[in-house]
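Each chain is listed here by its residues.
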Amino acid sequence: EEEDDERVYQTYRNLISTLPTENGWSSSNLVLYQGSRYVPNNFLQGVMAVQQHFKARPTDILLTAIPKSGTTWMKALIFSIVNRTHYDFTTHPLLTHNPQDCVPTLETNLYRKTSITNPDLLPSPRLFSTHISCSSLPKSIIDSSCQIVYICRNPKDVLVSNRYFGNKIRAKFNKDQPLLSLAEAFQLFCKGASPFGPYWEHVLGFWKASLEQPERILFLKYEDLRSNPLVYLRKLAQHLGYPFSLEEEKQGVLEKILNLCSFQNLSNLEVNKNPDKVSHVGVEYSAFFRKGQVGDWKNHLTADMIEHIDRITEQKFHGCDFSF
Ligand code: A3P
């Protein structure tokens, strides 16, 4: 079986070596595949394996997002909602495990060549996440009736957060490369050359799909969750098929979940602070927690950068009834 795997992944590597590449973001070049930019080798091989082998179940829950839009937070919330009758809040798995490990990412956790977990053996309901764009999702997911949640975030905050994270990876794996400057990150981001980018097409793909299948795809904004957490937590639970009962509302279960999953709580836990604890993408868990604020871009971007990104966003999202 190992030999078969090796053969399959070799065909992916062969294909990847023929694809166009662009300047890198974190530690290597980005490869253009089906209109999106991917970190080659491990990541893109994983994407190809998901496309070819993943078998969705109707009971699956899939979190989708472009990186740095709030995936870690949403993983914690979804895991807590679905498993709220299984765990006590004082001994909850999220107190000792990073959310990235409670909800595996298809392409980087499960379909990486070295993965030891076969998703076909996991019990239902299975919780997964992916950064794959809507148009590149495997047919098995498109054809299934599984629930999908998309989380999107202001592109300026995604850019700032992404540069920070990319530089964490550069500092660790590509010490000979200088860190990505803000000007460089800005240029790459605007032309779509960021991981899983272009940002705008990623968002639009899921936005349109959510309009076509509102009962199946829930489109959420990081900013809305920050400003109105109770409302959106209810909405999320309802969409996933795990609505809160009146009794739970009265018992304060929603507040308990929000507190457990808050930036303040998660970022201060030993598992998420310890520099020796490393995530599936190779950097320490603490790299997933920077500031967790809305609008930190104001402290980083120049007036010209802001104007430029806003112009792109207005053009691309023209006619969509959401804004930042
Ligand atoms: P900042 O870099 O702006 O702080 P992702 O999880 O998709 O990789 O996104 C990471 C971003 O989400 C980071 O943003 C991180 O700080 C923020 N984040 C992580 N956990 C969070 C939480 N529990 N609540 C709110 N934001 C959180």
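Residues numbered from 1 in each chain as written. Predicted model: local features only at pLDDT ≥ 70, side-chain atom pairs only at ≥ 80, totals over all residues. Heavy atoms only, no water.

Asks: Where do I start with the site of the ligand in this structure?
Replies: Around the ligand, 19 residues are found, and the nearest of them are Lys68, Thr71, Thr72, Arg290 and Lys291. Between the ligand and the protein, one listed contact pairs an oxygen atom with a side-chain N or O atom of Ser161 at 2.7 Å. Interatomic distance of 2.7 Å between a backbone N/O atom of Gly292 and an oxygen atom of the ligand. Look at the ligand: alone it shows 560 Å² of surface, and the protein chains cover 98% of it. The set of elements that each furnish at least two residues to the shell around the ligand consists of helix H3 (71–82), helix H10 (222–227) and helix H14 (263–267). (Near = heavy atom within 4 Å. Polar contact = N/O pair within 3.5 Å; in protein donor to acceptor, adjacent residues only side chain to side chain. Areas by Shrake-Rupley, 256 points an atom, 1.4 Å probe, with all protein chains shown as cover. Helix = DSSP H or I, 4+ residues; strand = E, 2+ residues; numbered from the N terminus.)

Asks: I keep staring at the nonpolar core and nothing clicks. Help me out?
Replies: Here is a general trend for soluble globular proteins: nonpolar side chains tend to be buried in one another's company. Ranked by size, the top nonpolar core spans 106 residues in total, and within it Met74, Leu77 and Leu236 carry the most contacts. Top contributing element to this core by residue count: H3, with eight residues. If we ignore the near neighbours within four places in the chain, the residues touching Met74 are Leu63, Val149, Ile151, Leu220, Leu225 and Leu236. (Core = buried A, V, L, I, M, F, W, Y, C linked by side-chain atoms within 4.5 Å. Buried < 20%, exposed > 50% of the residue type's maximum accessible area, 1.4 Å probe, protein only. Contact = heavy atoms within 4.5 Å.)

Asks: Any chance you could explain the environment of Leu188 here in plain terms?
Replies: Mapping Leu188 onto the fold places it in helix H8 (residues 182–190). It is 8.8 Å that separates the C-alpha atoms of Leu188 and Gly24, two residues lying 164 residues apart in sequence. Dropping the residues within four chain positions of it, Leu188 is found in contact with Asn23, Gly24, Trp25, Leu180, Ala193 and Ser194.

Asks: Sorry, what's going on with the sheet that holds strand E7 (residues 217–221) here?
Replies: By way of backbone hydrogen bonds, the strands of a sheet pair with one another, either parallel or antiparallel. On the basis of which strands lie adjacent, the open sheet formed by four strands has the order E5-E4-E6-E7 and parallel pairing. Edge positions in the open sheet fall to strand E5 (127–130) and E7, since each of these has one partner strand only. Taking the axes of each pair of neighbouring strands and ignoring which way they run, one obtains an average angle of 20° across the sheet. Note that strand E6 (residues 147–152) and E7 share five bridges and pair parallel. (Pairing = 2+ DSSP bridges. Axes fitted to C-alpha atoms, helices over the stretch in contact; angles between N-to-C directions.)

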